[in-house]
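Examination of the molecular architecture
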Amino acid sequence: GDAAQRSDLLRAALTGEPLSEAQMAWLVAVVSAMKMDWQVAGLYVERKDLALRAEYLRQEIKQLEDKDDAGEAADDRHRRRISTSVDLLQTYQAVRRNIDEEQNHRKEGTAARSEDLSLIAEQIEAHIVTLQSSAQTSSERHKHLEGELKQSSDSIQLQLKHM
């Protein structure tokens with residue numbers, strides 16, 4: 001899916017040392033958490049179209065109000081004005097629904113991203129502790145080997161003196 005594609009893209013884009021699977025998972029999770037929200041962008045485009053439609057309907061109502069007809073033409077103009085007003089009201093309601101949907105989506109997205117980033121931070125901190133522990137173990141091993149080398153060197157020196 002999307003995560004696999006982002007993973008492949010990151011692998012191709014990153015140069016240098018190969019990343020571990022854990023590091024790749026963290027990068028994918030971070031990119032996923034921070035990617036642009038296409039649903040919000042779609043709602044914005046829809047709202048922009050609705051605003052243009054509302055403006056068109058307002059202009060049409062204004063033109064219908066400015067005409068001064070009598071008789072049947074006036075009745076027809078009045079019916080068209082009511083119909084256009086209903087369309088305008090429905091358009092405003094659609095804008096309101098769009099705004100509500102975007103707000104709800106943003107709230108949910110913000111909460112999910114926050115949780116994802118917190119989990120990633122915890123995983124990275126756990127990995128840092130593991131690396132520190134590994135470094136400490138390596139350091140202790142290094143000191144132990146240095147001690148053994150020193151003892152070997154001293155022993156060889158001693159044997160050379162007795163020859």
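Please read all numbers here as calculations on a predicted model, not as lab measurements.

1. As for the packing of helix 3 (residues 38–66) against helix 4 (residues 72–161)
Between helix 3 and helix 4, whose axes approach to 9 Å, the crossing angle comes to 160 degrees. Between helix 3 and helix 4, the interaxial angle falls into the category roughly antiparallel. The element helix 3 and its partner helix 4 pack so that their crossing is left-handed. A per-class count over the contact of helix 3 with helix 4 returns 12 nonpolar, 6 polar and 13 charged.

2. Comments concerning the pattern of salt bridges
Opposite charge on two side chains makes pairing possible when the charged atoms of those side chains draw close. Going through the model one piece at a time under the given rule, you end up with 8 salt bridges. Linking arginine 53 and aspartate 87 is a salt bridge whose minimum nitrogen-to-oxygen distance equals 3.8 Å. One end of the pair, arginine 53, is in helix 3; the other, aspartate 87, is in helix 4, with 34 residues separating them in the sequence. Overall, aspartate 87 belongs to the partly exposed group, its relative accessible area being 28%. Aspartate 66 serves as the salt-bridge partner of lysine 62, at 3.8 Å between the closest nitrogen and oxygen. Residue lysine 62 and its partner aspartate 66 are located together in helix 3, separated by 4 residues, close to a single helical turn. Among the residues examined, lysine 62 registers a relative accessible area of 47% and is labelled partly exposed.

3. Description of a nonpolar patch on the surface
On the surface, Ile156, Leu160 and Met163 cluster together into a nonpolar patch covering about 370 Å² of accessible area. Mapped onto the fold, methionine 163 is located in the segment after helix 4. Judged by relative accessible area, methionine 163 falls into the exposed class, the value being 81%.

4. Focus on the confidence of the model for the chain
Considering every residue of the chain, the mean pLDDT works out to 83; 85% of them sit at 70 or more. Element-level pLDDT for the chain is lowest in helix 1 (residues 2–13), with a mean of 57, against a maximum mean of 92 in helix 3.

5. Some words on the side chain of threonine 91
The topology assignment puts threonine 91 in helix 4. The buried category is assigned to threonine 91, whose relative accessible area is 5%. A polar side-chain atom of threonine 91 sits 2.8 Å from the main-chain carbonyl oxygen of aspartate 87. Threonine 91 has contacts with Leu50, Arg53, Ala54 and Leu57, leaving out every residue within four places of it along the chain.

Each value, and the rule that gives it
- Residues numbered from 1 in each chain as written.
- Predicted model: local features only at pLDDT ≥ 70, side-chain atom pairs only at ≥ 80, totals over all residues.
- Heavy atoms only, no water.
- Axes fitted to C-alpha atoms, helices over the stretch in contact; angles between N-to-C directions.
- Helix = DSSP H or I, 4+ residues; strand = E, 2+ residues; numbered from the N terminus.
- Parallel < 35°, antiparallel > 145°, perpendicular 65-115°, else oblique.
- Left-handed = near helix turned anticlockwise from the far one by under 90°.
- Nonpolar A, V, L, I, M, F, W, Y, C, P; charged D, E, K, R; others polar.
- Salt bridge = Lys/Arg side-chain N within 4 Å of Asp/Glu carboxyl O.
- Buried < 20%, exposed > 50% of the residue type's maximum accessible area, 1.4 Å probe, protein only.
- Patch = residues over 30% accessible without salt bridge, like charges linked within 9 Å, V, L, I, M, F, W, Y side chains within 5 Å.
- Areas by Shrake-Rupley, 256 points an atom, 1.4 Å probe, with all protein chains shown as cover.
- pLDDT = per-residue confidence, 0-100.
- Polar contact = N/O pair within 3.5 Å; in protein donor to acceptor, adjacent residues only side chain to side chain.
- Contact = heavy atoms within 4.5 Å.

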